[in-house]
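Understanding the architecture of this molecule
Here are the chains, one letter per residue:
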Amino acid sequence: MSETFTTGESPRPATGGDAAATAPRQTDAEGVDGGVGLTALLVAAARAIETHRHDSLAQDVHAEHFVRAAPACADWPVRIGQIPEGDDNPLWGRFARYFGLRTRVLDDFVLGSVHDGARQVVLPGAGLDTRAFRLDLPSDCVVFEIDRAGVLAFKQQVLTDLSAAPRAKRVPVPVDLRADWATALTSAGFDPAAPSVWLAEGLLFYLPSSAETYLVDTVDRLTTGGSALAFEAKLEKDLLAYRDSAIYTATREQIGIDLLDLFDLGPRPDSAGLLTARGWSTSTHTPFDFTRRHGRGPLPEPNDALEGNRWVFAHKPGP
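Now for a quick tour of the structure. (Residues numbered from 1 in each chain as written. Predicted model: local features only at pLDDT ≥ 70, side-chain atom pairs only at ≥ 80, totals over all residues. Heavy atoms only, no water.)

Right, let's get into the packing of aromatic side chains. Any two aromatic rings considered together are summarised by their centre-to-centre distance and by the angle between their planes. Summed over all chains, the structure comprises 16 aromatic pairs. When the ring of Phe95 is compared with that of Phe99, the centres are 4.6 Å apart and the planes differ by 40°; the resulting orientation is tilted. Placement of both Phe95 and Phe99 in helix H3 (residues 90–115) is noted, with a separation of 4 residues, approximately one turn of the helix. A single burial state applies to Phe95 and to Phe99, both of which are buried. When the ring of Tyr248 is compared with that of Phe263, the centres are 6.2 Å apart and the planes differ by 70°; the resulting orientation is edge-to-face. (Phe/Tyr/Trp six-rings, centres within 6.5 Å; stacked < 30°, edge-to-face > 60°. Helix = DSSP H or I, 4+ residues; strand = E, 2+ residues; numbered from the N terminus. Buried < 20%, exposed > 50% of the residue type's maximum accessible area, 1.4 Å probe, protein only.)

Shown next as structure tokens:
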């Protein structure tokens, strides 16, 4: 959910008569003020809360500044002590802890991939991701952040106001994922011949099935041996069955975000299977696997909106 992909469209660049097919939904917003863009601020608030926990799994000192800079969420909490129910609050307790856990797991994945030789990090639908600033990356590492111009401009303004300096080279790639983002990425300096690590964090369930497949196909095409990809998927056949779950209800009622209205509700492709068929090694985990590993995070509960969430880690074999 750090992504800000606009939904309801063709995954490939529109040409001529295809333009109408790629018209954004009413919930789309160019920046972070509404639609899927607002979920980037939700994740930022969750990261801020995680940062200030005594048992924090991930640190993001910039996160609360994004929240405070956006009028739409100026009154959202950025510390667990600001929430009367504390961790019993389904949104700012359990759901926020989920995002904190996800951040830590994907941080570890990036750092592990860099340790293994990747020097390019690609973040499609980057949203308010600050890994270029947070992680201890080598100075010769390049972080490519793909997102719409409005989102990247908002992020840049906040970071500029903070005088924040990235630890690695950071390359914003302002392009909608409905457009020819692969050409925009390579034009920005991405080298398909060099190993890379990709994160599709909280992204794919907003995309139509065809757009997800196109993204995975493109990652496969643009990567060489020694590259890696992590993404989040949902396995539920009927997402609406969880409409009354505590997490979705709290998100609607407390901050006015109806996630199920933003998710694509169509059948999902087997992206892990597609990668496996193309020679990648893949492993699939529940978030609860990592809760047990780290000793912190959500565990299963009845009518659980997280029940179908899966984290997939894929590696492309080297020569």
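To continue, consider the packing of H3 against helix H11 (residues 287–294). Two numbers describe how H3 lies on H11: the axes approach to 10 Å, and their chain directions differ by 80°. The pairing of H3 with H11 is recorded here as roughly perpendicular in orientation. Counting all contacts with H3, which are made through Arg94, Tyr98, Leu101, Arg104, Val105 and Asp108, the residues of H11 involved are Pro287, Phe288, Phe290, Thr291 and His294. The residue inventory of the contact of H3 with H11, partitioned by class, reads 6 nonpolar, 2 polar and 3 charged. (Axes fitted to C-alpha atoms, helices over the stretch in contact; angles between N-to-C directions. Parallel < 35°, antiparallel > 145°, perpendicular 65-115°, else oblique. Contact = heavy atoms within 4.5 Å. Nonpolar A, V, L, I, M, F, W, Y, C, P; charged D, E, K, R; others polar.)

Read from one edge of the open sheet, 7 strands run E3-E2-E1-E4-E5-E7-E6, paired in mixed fashion. Both outer strands of the open sheet, strand E3 (169–174) and strand E6 (281–285), are each paired with one neighbouring strand and no more. Going across the sheet, the axis of each strand differs from the next one's by a mean of 15°, ignoring polarity. Examined bridge by bridge, strand E5 (residues 228–234) and strand E7 (residues 309–315) share 7 bridges and lie antiparallel to one another. Among the inter-strand pairings, Glu232 is bridged to a residue of E7, identified as Trp311. (Pairing = 2+ DSSP bridges.)

The next subject is H11. Taken together, the buried positions of H11 are occupied by Pro287, Phe288, Phe290, Thr291 and His294. One side of H11 carries all its buried residues, which in axial view fall inside an arc of 160°. Facing away from the buried surface of H11 by more than 90 degrees, the exposed residues are Arg292 and Arg293. The secondary structure elements touched by the buried residues of H11 are H3, E6 and E7. Two residues or fewer past H11, Gly295 is found with a positive phi of approximately 75°. (Arc of directions from axis to C-beta.)

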